[in-house]
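As a plain string of letters, each chain reads:
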Amino acid sequence: MKVLRWIAVLGLVGVTSAYAQQAPMPRPAPQFLAPLATEAAPPAEAPSETPAAPATATAAIETVTSDPQPVVLTAMVTDGGRQIDQGLVWRVFTTKTDTAGQLELAAKSDSPVARFSLSPGNYVVHVAYGRAQASDTITVAEGSNSKNIVLEAGGLRLNAAVTGDVPIPINLLHFDVLTAGTSDADRAMVAQGISANDILTVNAGTYHIVSYFGAVNAVVRADLRVEAGQLTDATLYHRAAQTSFKLVSEAGGEAIADVDWTVKTTDGTTIFTDTGAFPSTVLQEGDYLVLAKRGDTVFNREFEVTPGQPREIEVLTTVY
């Protein structure tokens, strides 16, 4: 109504000036007030070019409070611990779902301290730190908003050796980290192909570790517990050995080139094939059969693998 009254007064000034030019003795101003007020259109009938005021006080408040408000997000490894200053990825989701049934992404940041401008309402905050992650809700209100999330995370560093503390070359080792469970069907992959001595950040809890020595059958497993705020160092032990082969005409002789190699287990399963003069692999302890084919001739030898230092298996052509 204040806007309309202001327009009415402006109209009065204009009309009074016009009458003043036509007649030196205009009627007293009070006589024009009533007609002008009567002629002013009510809000519903105001000309389209006249800006409309908010219909109610509630609408005005909603217009103000829908403006984006400042939000600051921080994270800590443990409750009461030091704030994390690197390696964080923040995602903020609305509580609405998209056509795929997923929460809609409202904002993202990879800053240690995430700063957003969000409209008032409810949101889901997700933060990732390495493989550790946590989610929480936040209600954004008018004014400054902040949230600190505790990840309850710890570090995991893995290595492996051959029984007897025989070191394993780093390039022959890798690890998979899975959630705990009674079988692989019950476990979920957390991290795959982790190199030895890499530090993996995960949520505190129990994990199933799989260590691979080479690429054939030297595999060991273990369940490890990671504590929040601590680095867990673990070394797994393999009962295996690096094994190489060569075809010779006499013991200790020169290796013969262009040989096709096949290694089988005692039940006849083929686990390794290669071509060359000096093929090499890693085998779990046990009994095996190696076949060396050169041209149309096949030579073979049974052998046993015991845990320890690398060893070489010679296949003699003179035996056959």
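Note: the structure precedes this text.
Owing to the predicted nature of the structure, the values given are computational and were not obtained by experimental measurement. (Residues numbered from 1 in each chain as written. Predicted model: local features only at pLDDT ≥ 70, side-chain atom pairs only at ≥ 80, totals over all residues. Heavy atoms only, no water.)

### A word on the pairing of strand β17 (residues 260-265)
- Pairing of β17 with strand β18 (residues 270-275) involves five bridges; the strand directions are antiparallel. What sits directly across from Asp-260, in β18, is Thr-275.
- Two successive antiparallel strands, β17 and β18, enclose a turn made up of four residues, where Gly-268 displays a positive phi of approximately 90°.
- As paired strands, β17 and strand β20 (residues 286-294) are joined by six bridges and run antiparallel to one another. Looking across to β20, one finds that Trp-261 is bridged to Ala-292. (Pairing = 2+ DSSP bridges. Helix = DSSP H or I, 4+ residues; strand = E, 2+ residues; numbered from the N terminus.)

### Describing the side chain of Thr-281
- Tracing the sequence through the fold places Thr-281 in strand β19 (residues 280-284).
- Judged by its relative accessible area of 9%, Thr-281 falls in the buried class.
- Leaving out residues up to four positions away in the same chain, Thr-281 has contacts with Val-216, Ala-241, Gln-242, Thr-243, Phe-245 and Phe-272. (Buried < 20%, exposed > 50% of the residue type's maximum accessible area, 1.4 Å probe, protein only. Contact = heavy atoms within 4.5 Å.)

### With respect to unusual backbone geometry
- One non-glycine residue, Asp-165, adopts positive backbone phi at about 60°.
- Relative to the elements of secondary structure, Asp-165 occurs in the loop between β8 (153-162) and β9 (166-167).
- Given the relative accessible area of 55%, Asp-165 is considered exposed.

### Considerations on the pattern of salt bridges
- Applying the stated rule across the entire model yields eight salt bridges.
- For the salt bridge of Lys-147 with Asp-136, the shortest nitrogen-to-oxygen distance reads 3.4 Å. With a gap of eleven residues between them, Lys-147 in strand β7 (residues 145-150) and Asp-136 in strand β6 (residues 132-140) connect regions that are remote in the sequence.
- Overall, the relative accessible area of 23% leaves Lys-147 in the partly exposed class.
- A salt bridge links Glu-314 to Lys-246, with the nearest nitrogen and oxygen atoms 3.6 Å apart. Taken together, the residues span a long stretch of sequence, with Glu-314 in strand β22 (residues 311-316) and Lys-246 in strand β16 (residues 240-248) at a distance of 68 residues. (Salt bridge = Lys/Arg side-chain N within 4 Å of Asp/Glu carboxyl O.)

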